[in-house]
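Reading the structure
Next come the chains, spelled out residue by residue.
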Amino acid sequence: MKIGILALQGAFIEHAKMLQALNVDSFEIRQKKDLDQPMDGIILPGGESTTMYKLLVDLEMFDIIKEKIINGLPVFGTCAGLLLLAKTVHNHSNPYIQTMDIVARKNAYGRQLGSFRTVSSFAGKANVPFVFIRAPYVESIGKDVEVLAVVDDKIVAVRQGNQLATAFHPELTKDLSIHEYFIDICKKAIS
Ligand code: GLN
């Protein structure tokens, strides 16, 4: 089992540490040739979605990653990563990867109030810590999308097949359960 972590910008080191704690190998994806390595899943970290998108296009990685996801490679997008996966970003015109049937709202909590911590349930597991940093939320979902977490009536974690996305940052907590959930998706995709 080996997971590629997009490492162009943002909070990628923290994801590697979470995977290490779960005894899962990972490698950083910094350039096109890194995408030649076999991988069982890919993580799109938090950061700034437009910056990450532009870097992906400039480095000729965008189409390759999109194709891998369309072909079923498990993907976990956190925060900016959720925006990259969304079919529509409500208050933003530029389409990104668009493989998840969700409508997301960028900087949805407002710039000043954008960062907060809470504890909620994720996929039926109670008391999971969530860290939100200028986070988006999901405004609406397509029929194949499962809601995994809701905070203050807002959808903040979703799954569609092998695609997992959270509006918050599980990698900035000590709780491994959401990364474990993703690794489970990756394991099932292999078997
Ligand atoms: N607001 C950022 C964006 O629009 C996301 C913030 C984050 O990833 N922490 O991409």
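Quick note: structure is the one above.
Heads up: these notes are all about the structure in this document. Remember, it's a predicted structure, so these values are computed and weren't measured experimentally.

Here we come to the site of the ligand. In the neighbourhood of the ligand, the contacting residues comprise G46, G47, E48, S49, C79, A80, L83, K106, N107, I133, R134 and H169. A distance of 2.6 Å separates an oxygen atom of the ligand from a polar atom in the backbone of S49. A80 places a polar main-chain atom, nitrogen or oxygen, 3.1 Å from an oxygen atom of the ligand. Burial of the ligand by the protein amounts to 98% of the accessible area it has alone, namely 290 Å². For the ligand, the cavity whose grid points lie within 2 Å of the majority of its atoms is the largest pocket. In terms of residue class, the shell around the ligand is built from four nonpolar, five polar and three charged.

Its volume calculated, the largest pocket comes out at about 160 Å³. What lines the largest pocket is a set of 16 residues, among which G47, C79, A80, I133 and R134 lie closest to the centre. Of the residues in the lining of the largest pocket, the class split is seven nonpolar, six polar and three charged.

Attention now moves to the nonpolar core. Among the nonpolar cores identified, the biggest contains 65 residues, and L6, I65, F122, F130, F132 and V156 are the most heavily contacted of them. If one sorts the elements of this core by residue count, helix α5 (residues 177–190) sits on top with six residues. Not counting chain neighbours up to four residues away, the residues in contact with F122 comprise V128, F130, L148, A149, A157, L164, T166, F168, I178 and Y181.

If you trace the backbone, K106 turns up in the loop between β6 (100–105) and β7 (116–122). Relative accessible area serves as the criterion here: at 11%, K106 is assigned to the buried category. A C-alpha to C-alpha distance of 9.2 Å links K106 and S49, two positions 57 residues apart in sequence. The residues touching K106, leaving out its near neighbours within four places in the chain, are E48, S49, T50, L83, V89, N91, H92, Y96 and P136. Among the polar contacts listed, one links the side chain of K106 to the side chain of E48, at a separation of 3.1 Å.

Locating Q163 in the fold gives a position in strand β12 (residues 163–166). Residue contacts for Q163: discarding those within four places in its chain leaves I69, V75, L85, T99, M100 and V158.

Rules of the game
- Residues numbered from 1 in each chain as written.
- Predicted model: local features only at pLDDT ≥ 70, side-chain atom pairs only at ≥ 80, totals over all residues.
- Heavy atoms only, no water.
- Near = heavy atom within 4 Å.
- Polar contact = N/O pair within 3.5 Å; in protein donor to acceptor, adjacent residues only side chain to side chain.
- Areas by Shrake-Rupley, 256 points an atom, 1.4 Å probe, with all protein chains shown as cover.
- 1 Å grid on protein atoms, 1.4 Å probe; cavity = no way out; pocket = protein on both sides within 12 Å on 5 of 7 lines; lining within 4 Å.
- Sits in = over half its atoms within 2 Å of the grid points.
- Nonpolar A, V, L, I, M, F, W, Y, C, P; charged D, E, K, R; others polar.
- Points joined across faces, edges and corners; volume = space filled by probe spheres on them.
- Core = buried A, V, L, I, M, F, W, Y, C linked by side-chain atoms within 4.5 Å.
- Buried < 20%, exposed > 50% of the residue type's maximum accessible area, 1.4 Å probe, protein only.
- Helix = DSSP H or I, 4+ residues; strand = E, 2+ residues; numbered from the N terminus.
- Contact = heavy atoms within 4.5 Å.

So yeah, pure geometry; function would need other evidence.
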